[in-house]
Amino acid sequence: MKKSIRFRQFCIIFFILLILYLSNLYSYLLFHTLVEIFTVVVAFVIFILVWNSRHLVQNAYFIFLGIAFLFIAIIDLVHALSFSGMGIFQETGANRPTQLWIAARFMQSISLLIAPFVIQKKFNYLRLVHIYAFFTLLLLFLIFHLSVFPVCFHELSGLTLFKKLSEFIFSIFLLIAIFLLHRRRHYFDTNVYHLLIASILITIASELTFTLYREVLSIQNMIGHYLKFISYYLLYKSIIETALEKPYSLLFRDLKVREEALLESEQKYRNLFENANDSIFIVDPRTNKILDLNETAAFRLGYSKSELCGWNWDKIVIPMTDEQIETIHKKLLADGVVIYEQIHRRKDGSRILVELSSRVITYNKLIVLQNLVHDITSRKEVEKELREAKELAELANRVKSEFLANMSHELRTPLNAIIGFSEILQDMNFGELNARQLEYIKDIKESGELLLSLINDILDLSKIEAGKAVLNYSPIDLESMLQNCLNLIKEKALRHQLTLILNIPASLKGRVIKGDERKLKQIMINLLSNAAKFTPDNGTITVDVALTDKEILITVSDTGIGISKEDQKHVFEDFYQAKGGLADKIPGTGLGLALVKRFVELHGGRIWAQSEGLGKGSQFTFTLPNQFEIIIDDITDLEQDDFLDRIVTDEKLLDDLSHFIHLALKTGLHFSLCCLTMNTEKSLNRMTKLLQIFGDFGKKLKFIGFGLSREIYFILTEVNPHQSHSICDTLVKKLENLFQLTNISYQIAFYPAEGQTAECLLNKVRGKRLPTWNHQHKTVLIAADEPNNLKLAQNILEVSGYATIEATDGQQAIELARSYNPDLILMDIQMPVMDGLEATKVLKADPKTRFIPVIALTAHAMKGDENKVLAAGCEEYITKPLDTQRLLHAVELYLTKNSLPITNFS
């Protein structure tokens, strides 16, 4: 098996190197950029992993290297961007990229040289970050601004003596680093140690290779970059892959040692049990059978262990009175332990008086009695060791939970900047980008979103395992939910000519079930995405829904590669991935189906996989309890079906509106969304007539459906605002005459004048928003300590026309809010000096600032975070990474509310 895995890994590396070689044939710039981006990503991920585990890991070597490689990666990234042809900086030949290369290698070699000395050291990691940041900025300043960094490359003569000597010096430093690492190898897992040594050795080879070329496009330069790629790949294998697949070999090596101590403790208990000087019996209280005993107990009674195991406990004791037995039981139930005198009968008929200590314990997952005869000292020692072992296990669980909560926050914070700035660059708000730059930005954004998805999956699993996952039940239109999920994979299906089919019984169409909509969508999207991923072109994916007396069955079938019998047993296990054939070539984390299983079980359902074998397709079926949400409970039987068939959820409404907006953008037309409120109960008996009145307006009026609160939604097309009001007035008069009502009202939202998104239009007709206004007169205070997040939020708002004020901690935010009286505050939760929650409480307690809306920004995503934020006085809660549209929507919504007189709000 290991040989097979190594062979596959070798094939993957060979394939990647081949791709790099082909890219070099096409464009050396592409080849160079791919190698550098790979090394930058590896370095960033190493930093993220070790930074989030810094409170758990005693080996500071990895934390030190993680911080160092973060800033090495920054210089390498600037090196890649400054390369001739990238068009980012003013091109000055090959000297500047070579200077940046030497600066990065200087920092790398020095860091690897120092790292072995800090393995068992305790130091201020944040201060170390500041030191590296200072030297990084200094090197960039010397190269770009002062231009005093030694020349490394002449266009005519090639590499300078300084550059070559530097490479040799770096190689010497790295050799010393290997020697130091070897002397401290006992601090590392064997596999991790070997991979680190191999990575440094290949780095030395790379450095020496870079002393041989005369031209940037030479073969020596290309080989040097190949070696750098392999070196970072080994670094990835030693730290990132090991941390994810075998965390106890790297991040939790100390916990592994504790786990081994726990096993040793259990073995010690067994040894104590067998070799104790006192008799010990394990008795099942339900059957009164002896489950286990030690040799001492058997010897003192004159039996062998095999004779006594399975015996009834009463056969070796002299019967006690009913009153005595009742007293013992009460004491046992009350205290869990009871000590009393008893007479035991030996095999030869003789009797012995014993002091018996009986305690309730867990034995092989059974609740049993542990009876110690005579000396109870040994028992107390065993009890102490078991208690310590239990506390150790609980401590390990607490550490794990704290790590995952920390990891959620710390990983989301840098991802916020990566994804956010990528979106801003894609929108080209600060200048045009060429096609290749746009492609790279898209790749960066997609990679960030992929990493965010993985973080969310791991976090969801940890919540479930910790018992902190809860379901947010809401009414869900089953058919609409399934159709929306199919629509999400429709684009991929079209690319691969896949046919999508939804089969749902007529009895379930329009039915509204109870469930957690987000988690049910995750279930479906995971299953559908897997089906699309593993189904060859021209295949078919089918969703079938069935209803039994107790359950709803939903089956996702495909005509794909199928699942082997062996894999079917393990597909729902964490990090498990099917093997063989096409499955080996398709990337994945192995978390999707594990999450699906847990989400289904949270809903009280079951899930299973079926396949006749490889190449014969597969089926995934899950069940949900047969629970339908009763939305309308007083509709007459005559019209109930007509009414239920036309109920639309908010999700369906937003989908329909998005469709109209899409058509309007294509055709240049406009439309109006109308929401009419009336006594729907009276209209049910004349449903047919009601729909006929809507039909009288012809193609201008498109009926959408009834909302869950019985309001009526429709679209008016090809009419101006005045005509829309006129049509609605006419409609109201007809309905008042038909139903003899006088309290019919309506709201209209015009596209695009009063809203250009589906959410804006829907909120407008529900009275939740006012017409738009001029952003230029609105000021937003942004409080965040992380510079990238501060800059990101500032750019998003300023591009949209808002003025901004910056604060870097909670105390400064309070002072600026009191001085400038901003229209709205974006408050990061975790900040130095004073955190965002405390700052919000102070602002809400101050009459001068209490009415300023506060929107919380946080990377925390654990249960209870939202309640804490709202309890502190914040109006809104937005998690990182920031969604640009959601942020702007929230800012505009609360600025609009804040622009009204305070008396308008209760």
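Since this is a predicted model, take the numbers as computed values, not measurements. (Residues numbered from 1 in each chain as written. Predicted model: local features only at pLDDT ≥ 70, side-chain atom pairs only at ≥ 80, totals over all residues. Heavy atoms only, no water.)

*Asks:* Would you mind showing me how to read helix α19 (residues 592-602) here?
*Replies:* Each turn of an α-helix holds 3.6 residues, which means side chains three or four residues apart point in the same direction. Most of α19 sits inside the fold, with 8 of its 11 residues counted as buried. Those residues of α19 that sit buried are Gly592, Leu593, Ala594, Leu595, Val596, Arg598, Phe599 and Val600. Following α19 by one or two positions, glycine 604 adopts a phi angle in the positive range, close to 85°. (Buried < 20%, exposed > 50% of the residue type's maximum accessible area, 1.4 Å probe, protein only. Helix = DSSP H or I, 4+ residues; strand = E, 2+ residues; numbered from the N terminus.)

*Asks:* Just to check I follow, could you spell out the sheet that holds strand β14 (residues 618-625) for this structure?
*Replies:* Picture the strands of a sheet paired through backbone hydrogen bonds; they go either parallel or antiparallel. A sheet is described by the order of its strands in space; here 5 strands give the open sequence β9-β11-β12-β14-β13, paired in mixed fashion. A strand with exactly one partner marks an edge of an open sheet, and here the two such strands are β9 (499-503) and β13 (607-610). On average, adjacent strands in this sheet sit at an angle of 15° to one another, irrespective of strand direction. The pairing of β9 with strand β11 (residues 540-547) spans 5 bridges and is parallel. By the bridge assignment, leucine 500 is partnered in β11 with isoleucine 541. Running at roughly 25° to strand β12 (residues 551-558), helix α17 (residues 517-533) makes contact with β11, β12 and β14 of the sheet. (Pairing = 2+ DSSP bridges. Axes fitted to C-alpha atoms, helices over the stretch in contact; angles between N-to-C directions. Contact = heavy atoms within 4.5 Å.)

*Asks:* What's the story with the pattern of salt bridges in this structure? I'm lost.
*Replies:* Any two side chains of opposite charge can pair, on the condition that their charged atoms come close. Summed over the entire model, instances satisfying the criterion amount to 14 salt bridges. Here arginine 105 makes a salt bridge to aspartate 76, at a shortest N to O gap of 3.1 Å. Of this pair, arginine 105 sits in helix α4 (residues 95-114) while aspartate 76 sits in helix α3 (residues 60-81), and the two are 29 residues apart along the sequence. Like arginine 105, the residue aspartate 76 is buried in the burial classification. As a salt-bridge pair, glutamate 167 and lysine 163 come within 2.7 Å of each other at their nearest N and O atoms. Here the residue glutamate 167 and the residue lysine 163 both occupy positions in helix α6 (residues 161-183), the gap between them amounting to 4 residues, near one helical turn. Both residues of the pair, glutamate 167 and lysine 163, belong to the buried class. The network of salt bridges with common partners includes Glu36, Asp76, Arg105, Glu207 and Lys228. (Salt bridge = Lys/Arg side-chain N within 4 Å of Asp/Glu carboxyl O.)

*Asks:* Teacher, can you tell me more about the nonpolar core here?
*Replies:* Note that soluble globular proteins tend to have their nonpolar side chains buried in a common cluster. Grouped together as the largest cluster of nonpolar side chains are 64 residues, with contacts concentrated most on Tyr61, Phe62, Ile67, Tyr132, Leu181, Phe188 and Leu196. Elements that contribute at least two residues to this core include exactly α2 (28-52), α3, α4, α5 (125-145), α6, α7 (190-209) and α8 (219-245). If one sorts the elements of this core by residue count, α3 sits on top with 15 residues. Ranked by size, the runner-up nonpolar core spans 38 residues in total, among them Ala532, Ile554, Leu595 and Leu624. (Core = buried A, V, L, I, M, F, W, Y, C linked by side-chain atoms within 4.5 Å.)

These figures come from the coordinates and say nothing about function on their own.
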